[in-house]
Amino acid sequence: MNITSEQPKIIVIGSSSIDLVLNTANLPQPNETVMAEKSESFFGGKGANQAVATSRLGASTYFIGAVGMDPFGQQILRNLVDEGVNVGYVVEIEEAATGTAYVVAAKGVNSIVVVPASNYCLEPQHVAEAEKFFTTADLVLIQLEIPMDVVEYTAELVKNNGKKMGIYASPAKPLSVEIIENSSFIVAKSNELSIIFGDEPREQILRKYPNKLFVRDDTNSTTYFNGTEMKYYRNDHDSVLHKMGMGDAFTSGFAVALCHGNSIDDCVKFGNDVSLKVTKNRGSQSGLPYLKDIIAG
C-alpha cells in the first residue's frame, strides 16, 4: 500500500442527515410495540459519511449537498467544518427540513427508515455552481440518497472534465448505461445487484464489469472480477459490532487508495481495513479512522 506525499482532492456529492437510533431487545413486528433500552443520535447520511471519511484519510474534501435551515442543519455544517471538510457549496433549503434517518437496532440487525427531506432538494444547478472544483479534482464520489438527475448530471460533468468517479449504489436504484460507463468504480450490496443491474446471475454481472464492480457483504467481504478470475477479500473480527456506515467507509478507503495510485487489490484491502474500523463504534461517523490509524494497523 502506497501513500504519496500528495493530498488528493475529492469532491463528495450526496446526502447528510441526523441518525436517530433506538436500541431494542428485538425488532418490532407488525402491530407490535417494543420498549427501547436507550436512544442515541449521530451524524449520518451517505454523502456526509464519505466526506468525513475521506477527510480523515488525508484528502482535501469538498462536500456538495443540501440541509434545512434548522438546528439539525446547523449541527451538520459545524460537524463537517470541524472535520476539515469544505462546505462552501452546501445549500441551505428554507422550505425543507434537514434529512433524518430512524434506526431500530436489535441483536446486530438494523431496520432503517430514511426521511430525505432537504437531500431531495439538491439540484443539478447546485452541482454546476461548483464546476470550477471539478477541473482540479482527483476523484468525485456520489451515492443514491439524492435525486437521480443530480447523479446523471454529475456523471456527465465528470466525463466532460476527464475525472474519475466512484459510486456507492445505495440505496439501490437502476443505473443507466451512461452512469456505469462514466464510473471508475461502483460499490454495491450483494442483495441489491438485481435492482441496479437487472435480473442476471451475480457472477455474470461481475464478469461484465472487471475491476469496476465491487460487491459487499455484511461480513466485511468484497468480491470482484479482475478480468481473469473472481477475487474475494474478507477481514473481520469475531463479531462485527456495528454495521452502520460500513459501505461508506469501504468506498472512501478505496477512493483514497486509488487516488494514491495503488493497485485494485490494494485499494480493496485498504477499503476493507477502513470498513472494519468503523464497526467498533456506534454511529456511521464515530468510528471512521484517521490515516495514521490504518497505517499503524
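Use the structure listed above.
In this report, we go over the structure that sits alongside the text.

How each quantity is defined
- Residues numbered from 1 in each chain as written.
- Predicted model: local features only at pLDDT ≥ 70, side-chain atom pairs only at ≥ 80, totals over all residues.
- Heavy atoms only, no water.
- Phe/Tyr/Trp six-rings, centres within 6.5 Å; stacked < 30°, edge-to-face > 60°.
- Helix = DSSP H or I, 4+ residues; strand = E, 2+ residues; numbered from the N terminus.
- Buried < 20%, exposed > 50% of the residue type's maximum accessible area, 1.4 Å probe, protein only.
- Lys NZ or Arg CZ within 6 Å of the ring centre and 35° of its normal.
- Salt bridge = Lys/Arg side-chain N within 4 Å of Asp/Glu carboxyl O.
- Pairing = 2+ DSSP bridges.
- Axes fitted to C-alpha atoms, helices over the stretch in contact; angles between N-to-C directions.
- Core = buried A, V, L, I, M, F, W, Y, C linked by side-chain atoms within 4.5 Å.
- Contact = heavy atoms within 4.5 Å.
- Polar contact = N/O pair within 3.5 Å; in protein donor to acceptor, adjacent residues only side chain to side chain.

## Some points on the packing of aromatic side chains
Working definition: an aromatic ring pair is given by the centre-to-centre distance plus the angle between the planes.
In step 1: The tally for this structure, following the rule as stated, stands at 7 aromatic pairs.
In step 2: Note on phenylalanine 214 and phenylalanine 254: the rings are 4.7 Å apart at their centroids and 55° apart in plane angle, and the pair reads as tilted. Of this pair, phenylalanine 214 sits in strand β11 (residues 213-217) while phenylalanine 254 is found in helix α9 (residues 246-259), placing the two residues 40 residues apart along the sequence.
In step 3: Its relative accessible area of 0% is what places phenylalanine 254 among the buried residues.
In step 4: The ring of tyrosine 62 carries the charged tip of lysine 9 above its face, separated from the ring centre by 4.8 Å.
In step 5: Taking NZ or CZ as reference, lysine 132 lies 5.7 Å from the ring centre of phenylalanine 133, over its face.

## Quick look at the pattern of salt bridges
In step 1: Within this structure, the stated rule accounts for 7 salt bridges.
In step 2: In this structure, arginine 207 and glutamate 203 form a salt bridge, with 3.2 Å as the shortest nitrogen-oxygen distance. In this pair, arginine 207 and glutamate 203 both sit in helix α8 (residues 202-208), 4 residues apart, roughly one turn of the helix.
In step 3: On the basis of relative accessibility, which here comes to 41%, the residue arginine 207 falls in the partly exposed class.
In step 4: Judged by its relative accessible area of 44%, glutamate 203 falls in the partly exposed class.

## What about the sheet that holds strand β8 (residues 139-143)?
In step 1: Read across the sheet, 9 strands follow the order β5-β4-β1-β8-β9-β10-β11-β12-β13 without closing on themselves; strand pairing throughout is mixed. Two strands in the sheet have a free side with no partner beyond their single neighbour: β5 (86-93) and β13 (230-234). Neighbouring strand axes in the sheet, compared pairwise and without regard to direction, differ in orientation by 15° on average.
In step 2: With 4 bridges joining them, strand β1 (residues 9-13) and β8 adopt parallel strand pairing. Note that in β8 the partner of isoleucine 11 across the bridge is valine 140.

## Some remarks on the nonpolar core
For soluble globular proteins, the rule of thumb is that nonpolar side chains tend to be buried together.
In step 1: Counting 42 residues, the largest nonpolar core has Ile11, Ile13, Phe134, Leu175, Phe197 and Leu213 as the members making the most contacts within it.
In step 2: One finds Phe63, Val67, Val268 and Ile294 within the second-largest nonpolar core, a separate group that totals 40 residues.

## Some thoughts on the pairing of strand β7 (residues 109-115)
The side chains of a regular strand alternate between the sheet's two faces.
In step 1: Relative to β7, strand β6 (residues 100-106) runs antiparallel, the two being bridged by 7 bridges. Across the sheet, residue valine 103 finds its bridge partner in β7, namely isoleucine 112.
In step 2: Between β6 and β7, which pair antiparallel in sequence order, lie 2 residues; one of them, lysine 107, sits at a positive phi of approximately 55°.

## Some points on the environment of threonine 98
In step 1: Tracing the sequence through the fold places threonine 98 in the loop between β5 and β6.
In step 2: It is 29 Å that separates the C-alpha atoms of threonine 98 and lysine 164, two residues lying 66 residues apart in sequence.
In step 3: Among residues more than four places away in sequence, those in contact with threonine 98 are Val67, Gly68, Asp70, Phe72, Gly73, Ile76, Ala117 and Ser118.
In step 4: A distance of 2.6 Å separates a polar atom in the side chain of threonine 98 from a polar atom in the side chain of aspartate 70.

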